[in-house]
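Structural overview for review
Residues per chain are reported as follows:
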Amino acid sequence: MSILARSQPTQELQLVPRSPSVNEELRRRSQARLLQATVELVGERGYEATTLADIADRAGAARGLVSYYFPGKRQLLQTAVHRLMHRELARALEREPRPEGVGAGRELLARAIDAILGLARDQPRLMRTHMAGILTAEGFIQCPEQQRLAALLRDTVTRYGSRDPEADYRLLRALLMGAVVAVLLPGAPMEPERLRTELFQRYGLDWELGVPPGGEPPGGVPANERPEKDQTA
């Protein structure tokens, strides 16, 4: 009895090109891995001891991909830290319970201050390197991540009651940058709690708002005895 083999029709493999939205999502994920790897490695080893090859290896990406997305290591670091600050700030502002009502803007501003001071406390090497990089010749890089961070801070001062959100955002940014430098100043650091007290007094915020470190504020000034501050000052 003979067995007749059935001929199977050959099927050609056809490659379907990815849609622009899929390509954009893959690009976003690749960049996110590189930025996260940068934060981790610079925080662990420092800026000079971290190479672009190290970052690519940690991210599981081709080494040429780093240079494709970012013009240099300094720009990569600033973008990575701005992304970290944006994400930490967003997490703090969106934390449950969500502030509502008349005092919502004050609570949000307190959370914003605590989030940035918390990064200086928890990521000293990374934040010190970031602040030093801003003062180099390349200066402050207004990348998309920085713009997202700026939008959150601008919205925060708006909800706080600012009559001039752009000017008050710039002032808040300057005050927060100064506080971070003061916390991280080699040889003469200031306590984050003391700086928190000064910032809260500046904006007329009660010590209990945000994430208080516990106990009385440095200097022993109870919240209900502090002088009233103009919210738009």
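Placed above this text is the structure.
What comes next is a walk through the structure. (Residues numbered from 1 in each chain as written. Predicted model: local features only at pLDDT ≥ 70, side-chain atom pairs only at ≥ 80, totals over all residues. Heavy atoms only, no water.)

Description of the overall build of the chain
From N to C terminus, the chain includes 9 helices and 0 strands. Along the chain, from the amino end to the carboxyl end, the secondary structure elements read α-α-α-α-α-α-α-α-α. Here the chain holds 233 residues, and the buried ones make up 43% of them. The long-range share in the chain, meaning contacts at least 24 apart out of those at least 6 apart in sequence, stands at 63%. For the chain, the accessible area works out to roughly 13,700 Å², and carbon and sulfur atoms hold 52% of it. (Helix = DSSP H or I, 4+ residues; strand = E, 2+ residues; numbered from the N terminus. Buried < 20%, exposed > 50% of the residue type's maximum accessible area, 1.4 Å probe, protein only. Contact = heavy atoms within 4.5 Å. Areas by Shrake-Rupley, 256 points an atom, 1.4 Å probe, with all protein chains shown as cover.)

Comments concerning the pattern of salt bridges
Between side chains of opposite charge, a pair can form when the charged atoms approach closely. In this structure the tally under the stated criterion is 14 salt bridges. For E44, the salt bridge goes to R58, with nearest N and O atoms at 3.2 Å. With E44 in helix α1 (residues 20-45) and R58 in helix α2 (residues 52-59), this pair connects stretches of sequence that are 14 residues apart. R58 sits in the partly exposed class, given a relative accessible area of 35%. Among the ionic pairs, D122 bridges to R121, the shortest N-O distance being 3.0 Å. Here the salt bridges do not stand alone but share partners, grouping E25, R28 and R29 into one network. (Salt bridge = Lys/Arg side-chain N within 4 Å of Asp/Glu carboxyl O.)

A few points about the nonpolar core
Among the nonpolar cores identified, the biggest contains 58 residues, and L34, L89, I113, L153 and L205 are the most heavily contacted of them. Residues contacting L34, with those up to four places away along its chain left out, are I55, A56, A59, A61, L65, V66, Y69 and F70. (Core = buried A, V, L, I, M, F, W, Y, C linked by side-chain atoms within 4.5 Å.)

A short note on the packing of α1 against helix α6 (residues 124-134)
Close contact between α1 and α6 brings their axes to 7 Å; oriented N to C, the two are set at 100°. Taken together, α1 and α6 sit at an angle that is classed as roughly perpendicular. Across the interface between the two elements, V39, V42, G43, E44 and R45 from α1 touch R125, L126 and T129 from α6. Grouping the amino acids of the contact of α1 with α6 by side-chain chemistry returns 3 nonpolar, 2 polar and 3 charged. (Axes fitted to C-alpha atoms, helices over the stretch in contact; angles between N-to-C directions. Parallel < 35°, antiparallel > 145°, perpendicular 65-115°, else oblique. Nonpolar A, V, L, I, M, F, W, Y, C, P; charged D, E, K, R; others polar.)

Overview of helix α5 (residues 104-122)
Taking 1.5 Å as the rise per residue, α5 with 19 residues should run 27 Å; its terminal C-alpha atoms sit 26 Å apart, in good agreement. By the criterion of burial, α5 is predominantly enclosed, with 16 of the 19 residues buried. (Expected span 1.5 Å × (residues − 1).)

Quick look at the packing of α6 against helix α8 (residues 165-184)
Put simply, α6 and α8 touch, their axes get as near as 10 Å, and they point 125° apart. With respect to their mutual orientation, α6 and α8 come out oblique. Like other packed secondary-structure pairs, α6 and α8 cross with a definite hand, here left-handed. From α6, P124, M127, R128, M131 and I134 reach across to α8, where they touch M177, V180, V181 and L184. Looking at the contact of α6 with α8 residue by residue, the classes come out as 8 nonpolar, no polar and 1 charged. (Left-handed = near helix turned anticlockwise from the far one by under 90°.)

Remarks on the environment of G105
The topology assignment puts G105 in helix α5. Given the relative accessible area of 5%, G105 is considered buried. Along the primary structure G105 and V157 are separated by 52 residues, whereas in three dimensions their C-alpha atoms are 7.5 Å apart. Contact partners of G105, with chain neighbours within four places excluded, come to R159 and Y160.

A closer look at unusual backbone geometry
Here the bond from E96 into P97 is cis, since omega is 0°, no more than 30 degrees from zero. Of note, P97 is situated in the loop between α4 (73-93) and α5.

None of the figures reported here should be taken as evidence of function without further support.
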